[in-house]
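Residue-level structural notes
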Amino acid sequence: MRSAFVATCLSLLSSTAFAQTAPMPAAPTIVADPAAPKGKLSDAAIPSAYRLTFTILPDQPGFSGHDEIDVTVKAPTKSLYLHGRDLKVQGAYATVAGKQIWARWTQVDATGVARLDFASELPAGKATLSFDYDGVFGDGASGLYHIKVGDQWYSWTQFESIDARAAFPSFDEPGFKTPFTVSVLTAAGNEVVSNAPEAKVTPLPIDPESAAAKHARATGVALPAALARHDFEPTKPLPTYLVALVTGPFLHEKGVVAPTPERATPLPLGAVATGAQAGKLDYVMAETPRIVSLLEKYFGEPFPFPKLDQIASPVSPGAMENAGADIYGDGIILLDPGAPTGQRQDFGMIVAHELSHQWFGDLVTPAWWDDIWLNESFANWMGYRIGNEWRPELNIGVGALDEGFRAMNTDALEVGRPIHQPITENSQIDGAFDNITYGKGGHVISMIAAYLGDEKFKAGVRLHLKRHAYGNATSEQFFQSLADGAKDPRVLAAMKSFVDQQGVPVVDITHQGGKLVATQSRYAFLGSAPRPEQWTIPLCLRVDATKTCTLLDKPVTTLAASGTGVIMPNVGGTGYYRFSLEAPEWQKLIGTFATLSPGEAIAANDSLWAAFRAGKVPASWLVTAAKNLAANPDSGASVDGGSRLSGLKLRGLIGPESDAAYRRLMDSTYAPRLAAIGFNPAAGAHSGDAPDKQKLRQGLVGYVVEEGHDAAVSATLEAAAEKYLAGDKQAIDQAYLGAGLETLVVKGGLPAAKKLVEVGLSSEDPTLRQSALGAAAAGGNKEVAEYLLGLNDPRLRPYDRLGLIFGLARSEGAADYTGDWILANYEKLLAGGNGVFITSRLPQALSYQCGAERADRINKILGPKVRAAGAGVLDFERTVETIRHCGDLKAAKGAEIAAAIASGG
């Protein structure tokens, strides 16, 4: 809808950037065209440059734009396909040799494919396509969206994967890289930030006595005192999904990243946030330069764009690597001085991930979405690697292995996909942004890098960037660069075997004739029969301290290793595979869990649990392993067993009859460790401890209180939380705020939940807002769930609501009610337009259900709706299979689990 306000503003300006309205009327919103491409566009027209002029007043419902695209037309034509979604195009025409050829704009499908029908034939050769149009702001992190923060309105963009088309007509594919020249007209005084440096700002005063101004007053349209036009320099070649612009009364701190051996001049650096975040930009300004410098050192190349802005958004649930203008959720980069270890780990990993994309993704971009895995898998690995180098004391690196092992439960399903898969339709694109791409892909990159050695792997990466700078590349081209740079062609077979096929290999290690024999197969859950596969596995095994590495390229391999010591078949935990051992070897390995390195401890425990879920080891071993791990000094390894046991409880595999025994087990396992390291909830009480010890304490408090229901620790937290809400902000540290607030809801029920919702919605502090709303959901019951799911408060943003839904779905007392509510309201939730971050993941909120009957009901009610919508189909089918496997495990092992919990192992 073209707002009256925007139309009035345009009539007041002397700018000639806006073309006259086309004489051909606009077509209906969507008119189906069976001939339209469902995925990749043809090469009928290739764009070479964009000039985009937006009018953005964030407090209005919509925006307006003028878009010019220089193209080369392959052959004479009367029509062209391109992209645009839910745009009201007022005029469209092509200019060829100074002559305008008018065109009719028609959107032909819901994903945003559009057709231009020209009044006369468009000749082959150079042309400029021009559009005047209006769009509507979104209210979630998708397309061009706006949010009210306090009493001010702001706008941001989130264009990956295919949401640039919701902001401007375009050839919205990664393979089309061109320069973009962006201009924004907005209220004077607003900040505007885009990918390139700002070239100039031109004031555009409004004559209050003009006819248009008088008309605006008469119709109730509020005009700003003046407008300004912000013009930006042309960008380096970019795909549409990396274009960014933010507009509003932002805070914008500026500094530089000092020169480095790779870059002779300072790099302009900025931090951008809403006014509510005043005083919180220091950390990102102070820490970003070191991460940039470490990345330049790794890649051997300077930062590839002329400036960098780090931008915060209150509704982004993740982060986006727009060239020179990264956008993050507020809570990721706006850290308080006393931020807990976990939050600082997230900062380091996510900022390093997004900034590594400036080279791997922005400088060199996938040719099509089937290669997006390479972008994200590599950046995920780099995020942990560079994050760990940035602040070694934060122990960030082990998180990569944990993420990879958790992805194995998805990868082991019969329903699924390989990392690298064909994408033939637009509706399939968002499904590629899953834990297979991030968790598995990052782990596979880590495995290959570890096998080759850092220098050889780095040489291949640098070669790849040099070969394809400011262009596009495919997976095959990356593989070739890696092989050429590493001078080891064998790596291609290993990498392709993990990238091009689905599934998790399991390596069974046995003693045969005094030798160790490795037998590989595809891992399968109880009740599952996936198709057999074979891999080329870079296996690194040690017997005691003696390490042996080899490539397993056959079903059965005799290893050079031998001996009677403790066998650890995944040295460092870097291998993307599970392993199985003979019973005596398992017992010896479990006995060392307290002293294993973090990566090996997590890898071994994952393989032990996998063996249990395959029916090969008893449940009692899981309890013994959890107790042994509790003594491991690493914060992640120490609670890994408790995390997995609590997952059984959440899904009903530990039933109500075992509640008391379960609480005793969890409290007796973790309370002594907490007592040994000490616990005081006051802010900064443990600030002198090493960061990993601080994180360990936070994890232990969670398991002792939330799972063990320890009365003394719960009472301490509850008292601290009460003082915090009464105004004593030093009463409880940020690390324990969520757990403390949750104790209030557990005890106080609905009144306490209502109080926390008000606290959360009244705050723009990301930690308090998320902690308060998360505690209201996590401590809930059916009554609380009814209230939260029916909440109708204008301050509740779409991302807040989805956070409540996922929190309730995990809440033991509210999970069933929430699952039923999701089934009844799925279409309404899907219509929220939350983009790549949320919509396709929505089915995962049901994954905590358990049993064949529940799976059948979900599939019957929701299956047709999901498949009709086309978004989240794979995640839905994975969810249904997961629920079935849970039922299989419960039927086969439920009694055994109960006995193990009762006996404490």
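Please refer to the structure higher up on the page.
Presented here is an overview of the structure given in this document. Keep in mind that this is a model prediction, so the values were computed, not measured.

Rules used in this analysis
Residues numbered from 1 in each chain as written. Predicted model: local features only at pLDDT ≥ 70, side-chain atom pairs only at ≥ 80, totals over all residues. Heavy atoms only, no water. Core = buried A, V, L, I, M, F, W, Y, C linked by side-chain atoms within 4.5 Å. Buried < 20%, exposed > 50% of the residue type's maximum accessible area, 1.4 Å probe, protein only. Helix = DSSP H or I, 4+ residues; strand = E, 2+ residues; numbered from the N terminus. Contact = heavy atoms within 4.5 Å. Pairing = 2+ DSSP bridges. Expected span 1.5 Å × (residues − 1). Bend = angle between axes of the 7 residues up to and from the residue. Polar contact = N/O pair within 3.5 Å; in protein donor to acceptor, adjacent residues only side chain to side chain. Phe/Tyr/Trp six-rings, centres within 6.5 Å; stacked < 30°, edge-to-face > 60°. Lys NZ or Arg CZ within 6 Å of the ring centre and 35° of its normal. Disulfide = S-S within 2.5 Å. Axes fitted to C-alpha atoms, helices over the stretch in contact; angles between N-to-C directions. Parallel < 35°, antiparallel > 145°, perpendicular 65-115°, else oblique. Left-handed = near helix turned anticlockwise from the far one by under 90°. Nonpolar A, V, L, I, M, F, W, Y, C, P; charged D, E, K, R; others polar. Salt bridge = Lys/Arg side-chain N within 4 Å of Asp/Glu carboxyl O.

**Considerations on the nonpolar core**
- Among the nonpolar cores identified, the biggest contains 247 residues, and Leu-129, Phe-131, Phe-168, Phe-171, Phe-457, Trp-586 and Leu-589 are the most heavily contacted of them.
- In terms of residue count, helix 20 (residues 734–761) provides more of this core than any other element does, 12 residues in total.
- When neighbours within four sequence positions are excluded, Phe-171 is seen to be in contact with Leu-41, Ala-45, Pro-47, Tyr-50, Ile-69, Val-71, Tyr-81, Leu-82, His-83, Leu-129, Phe-176 and Thr-240.
- If you look at the next biggest cluster of nonpolar residues, it comprises 15 residues, including Val-246, Ile-311, Val-315 and Ala-325.

**Let's talk about the pairing of strand 19 (residues 325–329)**
- The element strand 19 is largely enclosed, with a buried count of five among its five residues.
- Across five bridges, the pairing between strand 17 (residues 308–313) and strand 19 is parallel. Paired with Gln-310 across the strands is Asp-326, a residue of strand 19.
- With antiparallel pairing between neighbouring strands as the criterion, strand 18 (residues 319–320) and strand 19 make up a hairpin whose turn holds four residues, including Gly-324 at a positive phi of roughly 70°.

**Remarks on helix 20**
- In this model, helix 20 (28 residues) spans only 18 Å end to end at C-alpha, well below the 40 Å of a helix rising 1.5 Å per residue.
- Residue Gly-749 marks the point of greatest curvature in helix 20, where the axis turns by about 140°; the proline Pro-751 follows within four residues.
- N-capping of helix 20 is provided by Asp-733, with a side-chain oxygen placed 3.0 Å from the backbone N of Ala-735.

**Digging into the packing of aromatic side chains**
- Throughout the structure, instances matching the rule amount to 36 aromatic pairs.
- Centroid distance Phe-63 to Phe-137: 5.5 Å. Interplanar angle 50°. Geometry classified as tilted. Residue Phe-63 is located in strand 2 (residues 62–73), and its partner Phe-137 is located in the loop between strand 7 (125–136) and strand 8 (143–149); the two are separated by 74 residues in the primary sequence. The same class applies to Phe-63 and to Phe-137, which are both buried.
- A ring pair is formed by Phe-303 and Phe-305, whose centres lie 6.4 Å apart and whose planes are at 75°; its orientation type is edge-to-face. The burial state of Phe-303 is the same as that of Phe-305; both residues are buried.
- The ring of Tyr-470 has Lys-236 lying over it, and the distance from NZ or CZ to the ring centre is 5.4 Å.

**As for the side chain of Asp-33**
- Its place among the elements puts Asp-33 in the loop between helix 1 (4–12) and strand 1 (45–55).
- Note on Asp-33: relative accessible area 15%, which makes it buried.
- A distance of 2.9 Å separates a polar atom in the side chain of Asp-33 from the backbone nitrogen of Ala-35.
- Every residue in contact with Asp-33, bar those within four places of it in the chain, is listed here: Tyr-81, Val-108 and Arg-115.

**As for unusual backbone geometry**
- A cis amide bond links Glu-160 to the next residue, Ser-161, at an omega of 10°.
- Along the chain, Ser-161 falls in the loop between strand 9 (152–158) and strand 10 (180–187).
- One non-glycine residue with positive phi stands out, namely Tyr-470, at about 60°.
- With respect to the element layout, Tyr-470 can be found in the loop between helix 9 (454–468) and strand 21 (471–473).
- Among the residues examined, Tyr-470 registers a relative accessible area of 30% and is labelled partly exposed.
- At His-709, a position not held by glycine, the phi torsion is positive, near 50°.
- Looking at the secondary structure, you find His-709 in the loop between helix 18 (691–707) and helix 19 (711–725).

**Description of the state of the cysteines**
- Inspection of the entire model under this criterion finds two disulfides.
- Paired through a disulfide, Cys-540 and Cys-549 show a sulfur-sulfur distance of 2.1 Å. Judged by the sign of its S-S torsion, about 115°, the bond between Cys-540 and Cys-549 is right-handed.
- Across a sulfur-sulfur distance of 2.1 Å, Cys-850 and Cys-886 are joined as a disulfide pair.

**Focus on the sheet that holds strand 28 (residues 578–581)**
- The four strands are arranged 26-23-22-28 in an open sheet whose pairing can be described as mixed. Each edge of the open sheet is held by one strand with a lone partner, namely strand 26 (556–558) and strand 28. Neighbouring strand axes in the sheet, compared pairwise and without regard to direction, differ in orientation by 25° on average.
- Pairing of strand 22 (residues 505–512) with strand 28, which is carried by four bridges, proceeds in the parallel orientation. Within strand 28, the position partnered with Val-506 by the bridge is Arg-578.

**A word on the packing of helix 16 (residues 640–650) against helix 17 (residues 659–677)**
- With their axes 12 Å apart at the nearest point, helix 16 and helix 17 run at an angle of 170° to one another. Relative to helix 17, the element helix 16 lies roughly antiparallel. Helix 17 is crossed by helix 16, and the crossing has left-handed handedness. Residues Gly-641, Gly-642, Leu-645, Ser-646 and Lys-649 of helix 16 lie in contact with helix 17, whose contacting residues are Asp-659, Tyr-662, Arg-663, Leu-665, Met-666 and Tyr-670.
- Taken together, the residues of the contact of helix 16 with helix 17 break down into five nonpolar, three polar and three charged.

**What about the environment of Pro-555?**
- The residue Pro-555 is located in the loop between strand 25 (546–552) and strand 26 in this model.
- Between the C-alpha atom of Pro-555 and that of Trp-359, which follows or precedes it by 196 residues, the distance is 38 Å.
- Those residues in contact with Pro-555, other than ones at most four positions away along the chain, are Ala-518, Thr-519, Gln-520 and Gln-534.

**Details of the sheet that holds strand 25**
- Spatial strand order, 25-24-27: three strands in an open sheet with antiparallel pairing. On the outer flanks of this sheet lie strand 25 and strand 27 (567–568), each paired with one strand and no other.
- Where strand 24 (residues 537–543) lies against strand 27, two bridges are found, and the strand directions are antiparallel. Of the residues in strand 27, the one forming a bridge with Val-543 is Ile-567.

**Overview of the pairing of strand 8**
- With six of its seven residues buried, strand 8 lies for the most part within the structure.
- Here seven bridges tie strand 8 to strand 9, and the two strands are oriented antiparallel to one another. From the neighbouring strand, Gly-143 faces strand 9, where its bridge partner is Gln-158.

**Here we look at the side chain of Thr-818**
- Secondary-structure assignment places Thr-818 in helix 24 (residues 815–830).
- Here Ala-814 takes part through its backbone oxygen, which lies 2.7 Å from a polar atom of the side chain of Thr-818.
- Look past the residues within four positions of Thr-818 in its chain and what remains in contact with it is Ala-785, Leu-789, Ile-805, Leu-808 and Ala-809.

**Considerations on the environment of Ala-127**
- With respect to the helices and strands, Ala-127 occurs in strand 7.
- When the C-alpha atoms of Ala-127 and Val-71 are compared, they prove to be 5.4 Å apart, with 56 residues separating the residues in sequence.
- In this view, Ala-127 contacts Ile-69, Asp-70, Val-71, Val-73, Thr-95, Val-96 and Leu-122; residues no more than four positions away in its chain are not counted.

**Notes on helix 7 (residues 398–411)**
- In this model, helix 7 (14 residues) spans 20 Å end to end at C-alpha, consistent with the 20 Å of a helix rising 1.5 Å per residue.
- Taken as a whole, helix 7 has its buried residues at Val-398, Ala-400, Leu-401, Gly-404, Phe-405, Ala-407, Met-408, Thr-410 and Asp-411.
- Buried residues in helix 7 make contact with helix 6 (372–390), helix 8 (435–452), strand 23 (515–522), strand 28, helix 13 (598–613) and helix 27 (873–903).

**Considerations on the pattern of salt bridges**
- For the structure shown, the criterion picks out 48 salt bridges.
- Between Arg-878 and Asp-434 there is a salt bridge, and its shortest N-O distance comes to 2.9 Å. One end of the pair, Arg-878, is in helix 27; the other, Asp-434, is in the loop between helix 7 and helix 8, and 444 residues separate them in sequence.
- A salt bridge links Asp-640 to Arg-644; the nearest nitrogen and oxygen atoms lie 3.0 Å apart. Residue Asp-640 and its partner Arg-644 are both found in helix 16; the two are separated by four residues, about one turn of the helix. Assigned by exposure class, Asp-640 and Arg-644 land together as buried.

That is the geometry; function is a separate question.
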